[in-house]
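# Examining the three-dimensional arrangement
Here is what each chain is made of, one letter per residue.
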Amino acid sequence: MKKFNIRKVLDGLTAVSSSSAASQPGNKENDLIPETLQSEHFQLCKTVRHGFPYQPSSMTFDPVQKILAIGTQSGALRLFGRPGVECYCQHDSGAAVIQLQFLINEGALVSALADDSIHLWNLRQKRPAILHSLKFNRERITFCHLPFQSKWLYVGTERGNIHIVNVESFTLSGYVIMWNKAIELSSKAHPGPVVHISDNPMDEGKLIIGFESGIVVLWDLKSKKADYRYTYDEAIHSLAWHHEGKQFICSHSDGTLTIWNVKSPGKPVQTITPHGKQPKDGKKPEPCKPILKVEYKTTRAGDPYMILSGGLSYDTVGRRPCLTVMHGKSTAVLEMDHPIVDFLTLCETPYPNDFQEPYAVVVLLEKDLVVIDLAQNGYPIFENPYPLAIHESPVTCCEYFADCPVDIIPALYSVGARQKRQGYSKKEWPISGGNWGLGTQSYPEIIITGHADGSVKFWDASAIMLQVLYKLKTAKVFEKSRNKEDKPSTDIVDEDPFAIQILSWCAESRMLCVAGVSAHVIVYRFSKQEVTTEVVQLLEVRLQYELNDAESPDVGGEQLPAGGTSSPQTSVSHSHPSTSSSSSDGIRDNVPCLKVRSTPLKQSPGYQVELVVQLVWVSGEPPQQITSLAVNSSYGLVVFGNSNGLAVVDYLQKTVLLNLGTVELYGSNDPYQRQPRSPRKSRQPSGGLGDISEGSTTSEDRCKSPTSVSPAKSLSRTFSRLLSSDLAKMSRKLSLPTELKPDLVLLSVCPPRGAIPPDGRDSSFSRSRSSSVTSIDKEAREAITSLHFAETFARKGEAVATPSLWVGTSLGTVLAVALSLPPPGEQRLLQPVIVSPSGTLIRLKGSILRMAFLDSTGAIIPPSHEPWYEPNAFDDRDEREKARKRRPVSVSPSASQELSETHYAVVCSEKQAKVLALPSQASVKHSITETSFVLRSDVVQMGSGVCVACFCANGHIMALSLPSLRPLLDVNYLPLTDMRIARTFCFSNNGQAMYLISPTEIQRITYSQDTCENLQEMLGELFTPVETPEAPNRGFFKGLFGGGAQSLDREELFGESVAGKASRSLAQHIPGPGGIEGMKGAASGVVGDLARARIALDERGQKLGELEERTAAMMASAESFSKHAHDMMLKCKDKKWYQF
């Protein structure tokens, strides 16, 4: 009974403008709902990074573990195993990764960085960590080489010296190969930096060193001198051995390859210019571009492969980068879409002294990863299973939907599977290492990305994976301009006219609506059947803002639309492209920015166009870009707004229901004192809220009208004349209250500088920011920034929840618009939907970002929707009609309301969050940030509770409880360094969030404690225990070159006992955070147990070794004691007692 009384009291309360007065009753109301979410349910951590590594710089492959590692220019490491096994790590310094080397089959990786540091990564844990680092102080690192199954890493430097590092202890050996000792008198000048180091495949005691100037030295490690020196007059870029160790090949800066016999240093055996034109008179071929890398791989049954990048002739201007595969007499030139960063040949054996048997080439491009099948004719590429094509066209917006309906992913996959390209290699993807994690998350997740070319991609993001499901090309609806002359006439952006700006998607009904940069909106339905659309349905909407801009006083009032905005009677509405109606002086009017195609459109299964809505030019002024968008399948409505106003479109009847300037939505409730003034006198340029794209014109240009202007007095008379003629018609059509008439006469639509609200709050209240966070001066237009359909109490004190539309603006106002829908079925297609203002007005500080509604238990009321049905089921039309009649108008729990039922409206702006109890409209308010502003806000489901999640421009991520707005989380996560992050950050249910960390990569994070705890299990294992293949049987060569005891010689040569200690000032050792203790903590699962067992064995071995040393020392001391005792005994044997 007590509960009911409190509610009655609240319902009797009036909504007070003062937040302090309003907060007390609101709090009482909110106390009725037990809040389950506490701050301990929240924790922030990064989960996984998807996409192509941004600005890659190096690559390596483990042929036994079958793991690929890629380093980037920002110090990031990306490791790839089988599809679904990916890992991201970061070097703290952020320096570029210049080289990577696996300790093959050891679960470790060495990275060399541009800041002259080398690092050892432990890959035996799910989140790899650095075990050791070594920072060189006096030398610049240029090349590293780690022989297979060796613990000694050769490090070449810019000065031409080679240092040797023990990768177990990360200490420098005293053994150094100095450049002057290596070249001696063979060259008068310095040979340049070391560009290559590798040991002879058949003799580990012989090391080949390539210097940039063209000198190659074969160094004998034991005798510490050069055996041979090979000199060529062109700079060297790379070098490769034949597996028998008798020949090697060099690639040069003039596009030549030289093949040398080890024992013939005088001149190369063969010189090849793969892309040079061979002159007939025997002269040298023309020089070509440098060959940046060459690999020389042998096969048992056939010719060796020579694979190289670069080397094209200089006259091939505009030719794309190429990889050349020379095999026997055939030369294949494979063109790439982007410049080649690096390539690797994948071979059957990890042993360099065996036949290599190459089977694939991994090519790392600047913006792609390509794997070529060498075993098939024509060298087809493998189909890439990783989600590396996020940036195929730049991402312009994205949305994240966790906990979708279970049938949506199979539906999208089935239509997307038909879009796959043909002609890929039949073999399995060769990078197949690691194991999947044991994901406990089972709910479907979808990420949708909108792109600059007008495409929309749907991604399956379930269980920390990412896989493309379906791609939609929205540009197909429009005619493409063939020549550039006709392009600039109506375009408002110079490039990417089809770029997607906003996405609105209903997962249950599968309705999709997109808004593009050229002020166009397209409504799509999902169908599993192909259909050909003869005529694309088109509506053109004239959204006008300032009357005085579109007006000249000498024109009769009858010819012009009313009130600064066009009423529905005047909006152009037809089903075919309009012709431009330009006036005599060439002013563009009533013409859209893009031309919808007039030919029949074949639509594949998937998303098919239902309706195109375009905003048109108004009296020489281009349409403003769309700032907000919403679609509702249950009501059959799509609504969008920009800095001019709001349009509501019925996509079932293909009509415009409402077309209003922002100010007209207020009626007499307008809180801003907007004085009419002449638009042309001392006009300041204002950054319009619609001006999201950098390419669009400034709003000063847009607001210019070619017509002449008279003083303001005559303008206001024109206002009155025009309004009185059209207002009666307008109010009938829109069900506007009659009190609206006098207000409209007085109002100029652009708020003047320093427009002050009547309650006299600080002027920062009217300051606003667009969705792209551009800085805006106080003269900005009031844009529609947020839209939300809801079945709730739109009017104060209303008894029954009804369909409504809630509109949020850039000046912090929320207005409710009531919707009256005809009965479903045939009537819905014949009778009009009636749109009427409700009088409800909520105000906050800052631009409105997000709105949502909760029921009396505190659960989210989802916008009502219809279940999906097949729109193209021509055979059973009766069934389709039945389905339409059957479909619910609402699926929300508020379909039949009692009088005492309460809803809560949640509104979040750039500065504040507010919760209103409906229908009483008593509120509680919370200030989110004073010094910064919120970029993204979402009302999300978290387990059993609901919260508001916010991302601020100062990098803070916050969560507030609902309905009481208690702070639950506030973490300084990521300072806003890039507008891309602001544009793409989004929260979803179950504590999931994402943003674009770089133009090519999606970073996913979680703010849920549960997910953070389970993350270790969900992540894949990179390292799996695999037996190293057996070494090849060397037979005769074994006796000739020496067997497998070479590694002992290395220990002997480079160890401290022989080589001595290195100079302490040369490099500084830094122990990493991932030492033995770190490994103990991080290792888990089967591999973890193995790793722990190995660590324990290592520790035990170490202790046994120490024990052995101590025992040996004790034995030595015992022997020494026994010897001394024996000597004493001999000395004293013949002496009498008195002689002592």
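### Digging into the overall build of the protein
Counting its regular elements, the protein contains 17 helices and 59 strands. The buried share of the protein, taken over its 1140 residues, is 57%. A sequence separation of at least 24 residues applies to 62% of the contacts in the protein between residues at least 6 apart. If you sum the accessible surface of the protein, you get close to 48400 Å²; carbon and sulfur atoms cover 52% of it.

### Structural notes on the side chain of Thr 1006
Residue placement: Thr 1006 occurs in strand β58 (residues 1001–1008). At 3.2 Å, the side chain of Thr 1006 and the backbone nitrogen of Ser 1008 are in polar contact. With near-sequence residues (within four places) excluded, Thr 1006 lies in contact with Gln 43, Leu 44, Cys 45, Thr 47, Gly 991, Thr 1011 and Cys 1012.

### Observations regarding the confidence of the model for the protein
In the predicted model, the protein carries a mean pLDDT of 79, and the fraction of residues at 70 or more is 75%. Contacts from residues 675–779, a stretch scored under 50 in pLDDT, to residues over four places away or in other chains number 208 contacts. Here residues 889–899 is modelled with pLDDT under 50, and outside its nearest four sequence neighbours on either side it reaches 25 contacts, counting other chains as well.

### Quick notes on helix α12 (residues 1009–1018)
When we look at burial in α12, the residues that qualify are Gln 1009, Thr 1011, Cys 1012, Leu 1015 and Met 1018. Looking at the buried side of α12, the elements it contacts are β1 (42–51), β57 (992–998) and β58. Measuring from the side-chain oxygen of the N-cap residue of α12 to the backbone nitrogen of Asp 1010 gives 3.3 Å; that N-cap residue is Ser 1008.

### Structural notes on the sheet that holds strand β56 (residues 986–988)
Here 4 strands make up an open sheet; going across it, the order is β1-β58-β57-β56 and the pairing antiparallel. Both outer strands of the open sheet, β1 and β56, are each paired with one neighbouring strand and no more. Averaged over all pairs of adjacent strands, the angle between strand axes in this sheet comes to 25°, irrespective of strand direction. As paired strands, β1 and β58 are joined by 7 bridges and run antiparallel to one another. Residue Gly 51 lies in a different strand from β58, and its bridge partner there is Glu 1001. Its contacts with the sheet place α12 against β1, β57 and β58, and it is angled at close to 55° to β1.

### With respect to the pattern of salt bridges
The final tally for this structure, using the stated rule, is 33 salt bridges. Residue Asp 354 pairs with Arg 300 through a salt bridge whose shortest N-O separation is 3.2 Å. Taken as a pair, Asp 354 in the loop between β26 (340–347) and β27 (358–365) and Arg 300 in the loop between β22 (291–297) and β23 (305–310) lie far apart in primary sequence, 54 residues in all. Looking at Asp 354, the relative accessible area reads 15%, which means it is buried. Of the charged contacts, one joins Glu 335 and Arg 319 as a salt bridge, the two residues approaching to 3.5 Å between their closest N and O atoms. Separated by 16 residues along the polypeptide, Glu 335 in strand β25 (residues 330–335) and Arg 319 in the loop between β23 and β24 (322–327) bring together distant segments of the chain. The exposure class assigned to Glu 335 is partly exposed, which follows from its relative accessible area of 40%. Take Arg 319: its relative accessible area is 36%, and that puts it in the partly exposed class. One salt-bridge network, held together by shared partners, links Arg 49, Arg 78, Glu 86 and Glu 1001.

### Remarks on the sheet that holds strand β21 (residues 270–272)
Spatial strand order, β18-β19-β20-β21: 4 strands in an open sheet with antiparallel pairing. Taken across any chain shown, the strands that pair with only one partner, and hence form the sheet edges, are β18 (236–241) and β21. Between one strand axis and the next, the sheet turns by 20° as a mean value, whatever way the strands run. For β18 and strand β19 (residues 247–252), the ladder comprises 5 bridges, and the chain directions are antiparallel. Bridging across to β19, Trp 241 finds its partner in Phe 248.

### Here's the deal with the environment of Leu 819
Here Leu 819 shows up in strand β46 (residues 813–820). Overall, Leu 819 belongs to the buried group, its relative accessible area being 6%. For the pair Leu 819 and Val 835, spaced 16 residues apart in sequence, the C-alpha separation works out to 4.9 Å. The contact partners of Leu 819, leaving out residues within four places of it in the chain, are Tyr 635, Leu 637, Phe 789, Pro 803, Ser 804, Leu 805, Ile 834 and Val 835.

### Digging into the side chain of Glu 1001
Relative to the helices and strands, Glu 1001 is located in strand β58. Of the polar contacts made by the side chain of Glu 1001, one reaches the side chain of Arg 78; its length is 2.8 Å. If we skip the residues at most four places from it in the chain, Glu 1001 touches Arg 49, His 50, Gly 51, Phe 52, Pro 53, Tyr 54, Arg 78, Tyr 995 and Leu 996.

### Details of the pairing of strand β35 (residues 520–527)
On a regular strand, one side chain projects to one face of the sheet and the next to the other, so that they alternate. Most of β35 is tucked away, with 8 of its 8 residues classed as buried. Of the two faces of β35, the one lined by His 520, Ile 522, Tyr 524 and Phe 526 and the one lined by Val 521, Val 523, Arg 525 and Ser 527 are each fully buried. Note: strand β34 (residues 511–516) against β35, 5 bridges, orientation antiparallel. Paired with Leu 512 across the strands is Tyr 524, a residue of β35. In textbook terms, the turn of a hairpin is the stretch between consecutive antiparallel strands, and for β34 and β35 this stretch comprises 3 residues, one of which, Ala 519, has a positive phi near 55°. Where β35 and strand β39 (residues 606–615) come together, 8 bridges link them in antiparallel fashion. Paired with Phe 526 across the bridge in β39 is Tyr 607.

### Re the environment of Val 493
Relative to the elements of secondary structure, Val 493 occurs in the loop between β32 (467–473) and β33 (500–506). Exposure remark for Val 493: the relative accessible area of 3% places this residue in the buried category. Linking Val 493 and Val 517, residues 24 residues apart in sequence, is a C-alpha distance of 7.6 Å.

### What to know about the nonpolar core
By size, the foremost hydrophobic cluster in this structure holds 35 residues, and its most contacted members are Phe 458 and Tyr 607. Contributing elements (two or more residues each) for this core: α4 (408–416), β30 (445–451), β31 (455–460), β32, β33, β34, β35 and β39. It is α4 that contributes the most residues to this core, 5 residues altogether. The next biggest cluster of nonpolar side chains, apart from the first, holds 25 residues, and it includes Leu 968, Tyr 973, Leu 974 and Tyr 1007.

### Side note on the packing of aromatic side chains
In this description, a pair of aromatic rings is defined by centroid distance and the angle of the planes. Using the criterion set out here, one finds 27 aromatic pairs in the structure. Between Tyr 386 and Trp 429, the aromatic rings sit 5.4 Å apart at their centres with planes inclined by 90°, giving edge-to-face as the arrangement. Of the two residues, Tyr 386 is situated in the loop between β28 (369–373) and β29 (395–402) and Trp 429 in the loop between α4 and β30; the sequence distance between them amounts to 43 residues. Of the two residues, Tyr 386 and Trp 429, neither departs from the other in class, the shared state being buried. Members of the aromatic cluster, each reached through a chain of ring pairs, are Phe 42, Phe 951, Tyr 973, Phe 985, Phe 987, Tyr 995 and Tyr 1007. One cation-aromatic arrangement involves Lys 293 over Phe 343; the distance from NZ or CZ to the ring centre is 5.2 Å. Residue placement shows Arg 510 over the ring face of Trp 868; its charged tip is 4.2 Å from the ring centre.

### Points about unusual backbone geometry
Of note, the amide linkage connecting Leu 918 to Pro 919 takes the cis form, showing an omega dihedral of 5°. Here Leu 962 and Pro 963 are connected by a cis peptide whose omega angle stands at 5°. Following the sequence through the fold, Pro 963 ends up in the loop between β54 (956–961) and β55 (967–972). Here the phi dihedral of Ala 463 falls at roughly 50°; this positive angle occurs in a residue that is not glycine. The residue Ala 463 is located in the loop between β31 and β32 in this model.

### A word on the environment of Ala 452
Examined against the element boundaries, Ala 452 turns out to sit in the loop between β30 and β31. For the pair Ala 452 and Gln 501, spaced 49 residues apart in sequence, the C-alpha separation works out to 8.8 Å. Not counting residues up to four positions away in its chain, the partners in contact with Ala 452 are Ser 393, Pro 394, Thr 396, Asp 496, Phe 498 and Ala 499.

### Concerning the state of the cysteines
In this structure the tally under the stated criterion is 0 disulfides. With no disulfide of its own, Cys 87 has Cys 89 as its nearest cysteine by sulfur position, at a separation of 4.2 Å. Note on Cys 87: relative accessible area 10%, which makes it buried. Of the cysteine sulfurs around Cys 950, a residue in no disulfide, the closest is that of Cys 908, at 4.1 Å. With relative accessibility at 0%, the residue Cys 950 sits in the buried group.

Basis of the calculations
Residues numbered from 1 in each chain as written. Predicted model: local features only at pLDDT ≥ 70, side-chain atom pairs only at ≥ 80, totals over all residues. Heavy atoms only, no water. Helix = DSSP H or I, 4+ residues; strand = E, 2+ residues; numbered from the N terminus. Buried < 20%, exposed > 50% of the residue type's maximum accessible area, 1.4 Å probe, protein only. Contact = heavy atoms within 4.5 Å. Areas by Shrake-Rupley, 256 points an atom, 1.4 Å probe, with all protein chains shown as cover. Polar contact = N/O pair within 3.5 Å; in protein donor to acceptor, adjacent residues only side chain to side chain. pLDDT = per-residue confidence, 0-100. Pairing = 2+ DSSP bridges. Axes fitted to C-alpha atoms, helices over the stretch in contact; angles between N-to-C directions. Salt bridge = Lys/Arg side-chain N within 4 Å of Asp/Glu carboxyl O. Core = buried A, V, L, I, M, F, W, Y, C linked by side-chain atoms within 4.5 Å. Phe/Tyr/Trp six-rings, centres within 6.5 Å; stacked < 30°, edge-to-face > 60°. Lys NZ or Arg CZ within 6 Å of the ring centre and 35° of its normal. Disulfide = S-S within 2.5 Å.

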